[in-house]
Amino acid sequence: MGRIRVLSDHVANKIAAGEVVERPASVVKELLENSLDAGATEFRLDVEAGGRRLIRLSDNGTGMMRDDALLAFERHATSKLSDVKDLLSIATLGFRGEALPSIASVSRLSLETRSREEQTGTAIEIAGGKILKCEDAALAGGTIITVRDLFYNVPARKKFLRSDQTEIAHVASLMTHYSLAHHDKSFFLRHNGSDLLDVTPVETLRERVYQVFGSQTLDDLVDLGEQDRAMPLPADEGEPAAARRFRLRGFVSGPHVHKLNRNSIYLFVNGRLIRDRLLLHAISAAYYNIMPAGNYPFALLFIDCDLEEVDVNVHPSKTEVRFRHGSLVHDFVRDTVRDVLMAQRPVSRMISPGQPPGQPATHLPYSEFTQRMENADFGVLAAESMLPSATPADAALLPEFLLRRPPSPVPRFDFSDASIPADMPGVTSTVRAIPDTHGPLFPNSEIPQLDNLDALRDLRPLGQLHDSFIIAAGRDGLWIIDQHVAHERILFEQVLEARRRGKVETQGLLMPMVIQLTAAQQLDYVRIADELNALGFDTEPFGNRTIAVKSAPAGVTGSDVEKVVFEVLEIAEREMRKASLEDQRAAIAASIACRAAIKINMRLEPAKIEWLLRALAATSSPMSCPHGRPIAVRYATRDILKTFHRI
Ligand code: ADP
Ligand code: MG
């Protein structure tokens, strides 16, 4: 007997569920999309225990007739496709007929539905894919789907679920996305009895953005308006005059808003929520040179094109698409966004390529700095040649102007590594001896060498370069210290020390500052509220998705208060879900230190410079800031000697 068997539907559904249903948010996505396809205008989602105990979506859509309701749980049963030709132009969100049977095969599901064409509604109960009950039900038109005990019969999957907080954060973010795509509809989300999202229909996308993100975010955004362009096809594809039309609307943030990850980029293609590398790249390209690489904007983009231009049948969860003319869409998005940004305000060139990812925005108020620099008389060419010629690591850290080649032949020396502090990993110094023709300054054996950081303690400040870098003479050579990151390191350690002793210095705000949060931020806030408070932010919940800040740590003032809170929430979202208390504390302290630290472009009194150097020498890690950037570079005496042919 042959060995190949056709799998039963039961098994096939469970396999499909593996692709379609990854976590509670994927169930929510499929249910929401079905409700949208059914023309609903009100969506009410109740969730318990992050979605593992309960997910219930009620809609006021068309509902299903009894026969359809039963059919809906058959594999590949759909009302949305009838012919293979339809696959080329899919206007609905669903089309595979896989979601309901997949979800039903890994949960206990109940469906209540009534089409307005029938007198009575239908209630169906299914567990593990088996229909247990089908009876009449009294309800108004629409559909209620309840999914309980997700993965109760797939323990392996269940194990992969993260904490309730993480799972609900994904659900909330999904619901938020769809609420943005449909500002004329109501969305309501409740988790374990508390309301996370409650938005009623509004006239414009702008108003919905306001409802979801609050006025503070809206102030930072640029409205793209309604953009509509015909993009010519490349000559080798079709007749020369052929073009494809693309439309774009939505909002993007100005170049001053720097997000640490791509979570604030919301992309919709023909109303479908997608993740797409090509479009993410197009957005980064639009900000090229006006935002440091490794930082991301906020973007809410709705791209529309002919249905034939996108293949949505690429992935079972329908979160990826394939464009027929990828480069046209890419260039369209890049150019449109960039043009709007440029028209909004001319922006200065900012920073070198390859800024390492994850650098907080606050490190880079370089825009004004570089602008001033470009106009400034470049009297300090020596300083330029002192900086290590762009090794990859340094290229990432230095403002672009510092990496430019000097205009005239200034001696450049083979010390590419030598001026990097000795404790930088992976750096070895290669010093080539040059014959001495004028007699040595030091006998070779006595050239001061940096062997430990004690040299920092007796640095003699010589002044400031461009009001931003402290130049100091040391036993072992010439030092350049970034005043902002140096102060940041000092404050960081002070804040942590004060926290350890329970003596954090705070200052009351004249007026409590009210900050609006998104549903996901609200959840992150709840998780880190205690630590925020212990570090000097006296905050408390203040009504629907807002918190009031009543005091802030000493040194953090004005709009920085809000910025630190958002920055910390962003870090919380990105990496603190699993982080230990220590890590949370360090992240918050780093953010506070960065805000409170003296900035670049600031003239410092000699006494202040002295103080800064002493305080820096006293820190436990004076060579890198809490975010990992170097604080100082050193031009070793040996290299100076070599430069002047003295050894
Ligand atoms: P698909 O959405 O790909 O068609 P699903 O398994 O998600 O497949 O749904 C199967 C069918 O059930 C849909 O085609 C639709 O006819 C019906 N359906 C599902 N959810 C709803 C709903 N909320 N309201 C009305 N009909 C629905
Ligand atoms: Mg569907």
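Below is a short write-up of the structure. All of these numbers come straight from a predicted model, not from anything done at the bench.

### Description of the overall build of the chain
And then number 1: The helix and strand tally for the chain stands at 20 helices and 23 strands.
And then number 2: Expressed as a percentage of the 647 residues in the chain, the buried residues total 51%.
And then number 3: By sequence separation, contacts in the chain at least 24 residues apart represent 72% of the contacts at least 6 residues apart.
And then number 4: With the model as given, the accessible surface of the chain reaches about 29900 Å², and the carbon-plus-sulfur share is 52%.

### Some thoughts on the sheet that holds strand β7 (residues 186–191)
And then number 1: In space, the eight strands of this open sheet follow the order β5-β4-β3-β6-β2-β1-β7-β8, with mixed pairing throughout. With one partner strand each, in any of the chains shown, β5 (130–137) and β8 (194–199) form the two edges of the open sheet. Strand-to-strand twist in this sheet, taken as the mean axis angle between neighbours without regard to direction, amounts to 10°.
And then number 2: Across five bridges, β7 lies against β8 in antiparallel orientation. Across the sheet, the residue bridging to Leu-189 is Leu-197, located in β8.

### Details of the site of ligand 1
And then number 1: Of all residues adjacent to ligand 1, which total 21 residues, the nearest are Asn-34, Thr-78, Ser-79, Lys-80 and Gly-97.
And then number 2: A distance of 2.5 Å is found between an oxygen atom of ligand 1 and a side-chain nitrogen or oxygen belonging to Thr-78.
And then number 3: Bound to the protein, ligand 1 loses 93% of the 530 Å² it would expose on its own.
And then number 4: At the level of elements, α2 (24–37) and α4 (99–105) are the ones that each hand at least two residues to the shell around ligand 1.
And then number 5: It is α4 that contributes the most residues to the shell around ligand 1, three residues altogether.

### A closer look at the packing of aromatic side chains
And then number 1: For the coordinates displayed, the defined rule picks out seven aromatic pairs.
And then number 2: The interplanar angle of 90° and the centroid separation of 5.1 Å between the aromatic rings of Phe-213 and Phe-298 together place this pair among those described as edge-to-face. Of this pair, Phe-213 sits in helix α7 (residues 205–213) while Phe-298 sits in the loop between α9 (277–286) and β14 (299–305), placing them 85 residues apart in sequence. Take Phe-213 and Phe-298: they sit in the same class, and that class is buried.
And then number 3: Through successive ring pairs, a cluster of aromatic residues spans Tyr-178, Phe-268 and Phe-302.
And then number 4: Above the face of the Tyr-152 ring, Arg-108 is positioned so that its terminal group lies 4.0 Å from the ring centre.
And then number 5: Arg-249 extends its terminal NZ or CZ atom over the ring of Phe-302, reaching a point 4.5 Å from the ring centre.

### Examining the pattern of salt bridges
And then number 1: What the rule picks out here adds up to 28 salt bridges.
And then number 2: Notably, a salt bridge pairs Arg-527 with Asp-524, separated by 2.9 Å at the nearest N-O pair. Linking Arg-527 with Asp-524, this pair stays in helix α16 (residues 519–534), spanning three residues, or about one helical turn.
And then number 3: As a salt-bridge pair, Asp-560 and Arg-595 come within 3.4 Å of each other at their nearest N and O atoms. With Asp-560 in helix α17 (residues 559–575) and Arg-595 in helix α18 (residues 581–596), this residue pair connects regions lying 35 residues apart in the sequence. An identical accessibility class is assigned to Asp-560 and Arg-595; each is buried.
And then number 4: Sharing partners across several salt bridges, the network here consists of Asp-331, Arg-334 and Asp-335.

### Points about the environment of Asp-220
And then number 1: With respect to the helices and strands, the residue Asp-220 is situated in the loop between α8 (215–219) and β9 (221–223).
And then number 2: For the pair Asp-220 and Val-257, spaced 37 residues apart in sequence, the C-alpha separation works out to 7.3 Å.
And then number 3: For Asp-220, the residues in contact, after removing those within four places along its chain, are Val-252, Ser-253, Gly-254, His-256 and Val-257.

### Focus: the environment of Ser-620
And then number 1: For Ser-620, the position within the fold is in the loop between α19 (606–617) and β23 (632–636).
And then number 2: The exposure class assigned to Ser-620 is exposed, which follows from its relative accessible area of 64%.
And then number 3: Separated by 127 residues in the primary sequence, Ser-620 and Glu-493 have C-alpha atoms spaced 8.0 Å apart.

### A look at unusual backbone geometry
And then number 1: Look at Phe-151: it is not a glycine, yet its phi comes out positive at around 65°.
And then number 2: Looking at where Phe-151 falls in the secondary structure, it is placed in the loop between β6 (142–148) and α5 (155–160).
And then number 3: We note that Asn-601 has phi near 65°; this positive angle belongs to a residue other than glycine.

### Topic: the environment of Ser-559
And then number 1: For Ser-559, the position within the fold is in helix α17.
And then number 2: With 46 residues separating them along the chain, Ser-559 and Met-513 place their C-alpha atoms 9.5 Å apart.

### Brief notes about the sheet that holds strand β22 (residues 546–553)
And then number 1: Ordered by their spatial adjacency, three strands build an open sheet running β20-β22-β21, and the pairing between neighbours is antiparallel. The open sheet has two edge strands, β20 (506–516) and β21 (538–541), and neither has a second partner. Ignoring strand direction, the axes of neighbouring strands in this sheet form an average angle of 15°.
And then number 2: Relative to the sheet, α16 contacts β20, β21 and β22, its axis offset from that of β21 by approximately 145°.

### Comments concerning α19
And then number 1: The first and last C-alpha atoms of α19 sit 17 Å apart over 12 residues, in line with the 16 Å expected at 1.5 Å per residue.
And then number 2: Those residues of α19 lying buried are Ile-609, Leu-612, Leu-613, Ala-615, Leu-616 and Ala-617.
And then number 3: Of the surrounding elements, those touching the buried residues of α19 are β17 (460–465), β18 (469–474), β19 (477–482) and α15 (483–500).

### Here we look at the packing of helix α6 (residues 164–181) against α7
And then number 1: Taken N-terminus to C-terminus, the directions of α6 and α7 make an angle of 160°; their axes are 9 Å apart at the nearest point. One finds that α6 runs roughly antiparallel with respect to α7. Together, Thr-176, Ser-179 and Leu-180 of α6 and Leu-205, Arg-208, Val-209, Val-212 and Phe-213 of α7 make up the contact between the two elements.
And then number 2: Among the residues making up the contact of α6 with α7, the classes are represented as five nonpolar, two polar and one charged.

### Overview of the side chain of Thr-518
And then number 1: Relative to the helices and strands, Thr-518 is located in the loop between β20 and α16.
And then number 2: Aside from chain neighbours lying at most four places away, what touches Thr-518 is Val-212, Phe-213 and Arg-545.

### With respect to the packing of α15 against α18
And then number 1: Following both chains from N to C, one finds α15 and α18 inclined at 135°, their axes separated by 8 Å at the closest point. Put simply, α15 runs oblique to α18. Read as a crossing pair, α15 and α18 show a hand that is right-handed. In this structure, α15 contributes His-484, His-487, Glu-488, Leu-491, Phe-492, Val-495, Leu-496 and Arg-499 to the contact, and α18 contributes Arg-585, Ala-586, Ala-589, Ala-590, Ile-592, Ala-593, Cys-594 and Ala-596.
And then number 2: Here the contact of α15 with α18 is composed, by residue class, of 11 nonpolar, two polar and three charged.

### Observations concerning helix α10 (residues 326–344)
The periodicity of an α-helix, 3.6 residues per turn, causes residues three or four positions apart to be oriented the same way.
And then number 1: Here α10 is 19 residues long and its end C-alpha atoms lie 27 Å apart, about the 27 Å a rise of 1.5 Å per residue gives.
And then number 2: Along α10, the residues classified as buried are Gly-326, Leu-328, Val-329, His-330, Phe-332, Val-333, Thr-336, Val-337, Val-340 and Leu-341.
And then number 3: Residues of α10 that are buried sit in contact with β9, β10 (227–232), β11 (243–253), α9, β14 and β16 (322–323).

Definitions and cut-offs
- Residues numbered from 1 in each chain as written.
- Chains lettered and ligands numbered in written order.
- Predicted model: local features only at pLDDT ≥ 70, side-chain atom pairs only at ≥ 80, totals over all residues.
- Heavy atoms only, no water.
- Helix = DSSP H or I, 4+ residues; strand = E, 2+ residues; numbered from the N terminus.
- Buried < 20%, exposed > 50% of the residue type's maximum accessible area, 1.4 Å probe, protein only.
- Contact = heavy atoms within 4.5 Å.
- Areas by Shrake-Rupley, 256 points an atom, 1.4 Å probe, with all protein chains shown as cover.
- Pairing = 2+ DSSP bridges.
- Axes fitted to C-alpha atoms, helices over the stretch in contact; angles between N-to-C directions.
- Near = heavy atom within 4 Å.
- Polar contact = N/O pair within 3.5 Å; in protein donor to acceptor, adjacent residues only side chain to side chain.
- Phe/Tyr/Trp six-rings, centres within 6.5 Å; stacked < 30°, edge-to-face > 60°.
- Lys NZ or Arg CZ within 6 Å of the ring centre and 35° of its normal.
- Salt bridge = Lys/Arg side-chain N within 4 Å of Asp/Glu carboxyl O.
- Expected span 1.5 Å × (residues − 1).
- Parallel < 35°, antiparallel > 145°, perpendicular 65-115°, else oblique.
- Nonpolar A, V, L, I, M, F, W, Y, C, P; charged D, E, K, R; others polar.
- Left-handed = near helix turned anticlockwise from the far one by under 90°.

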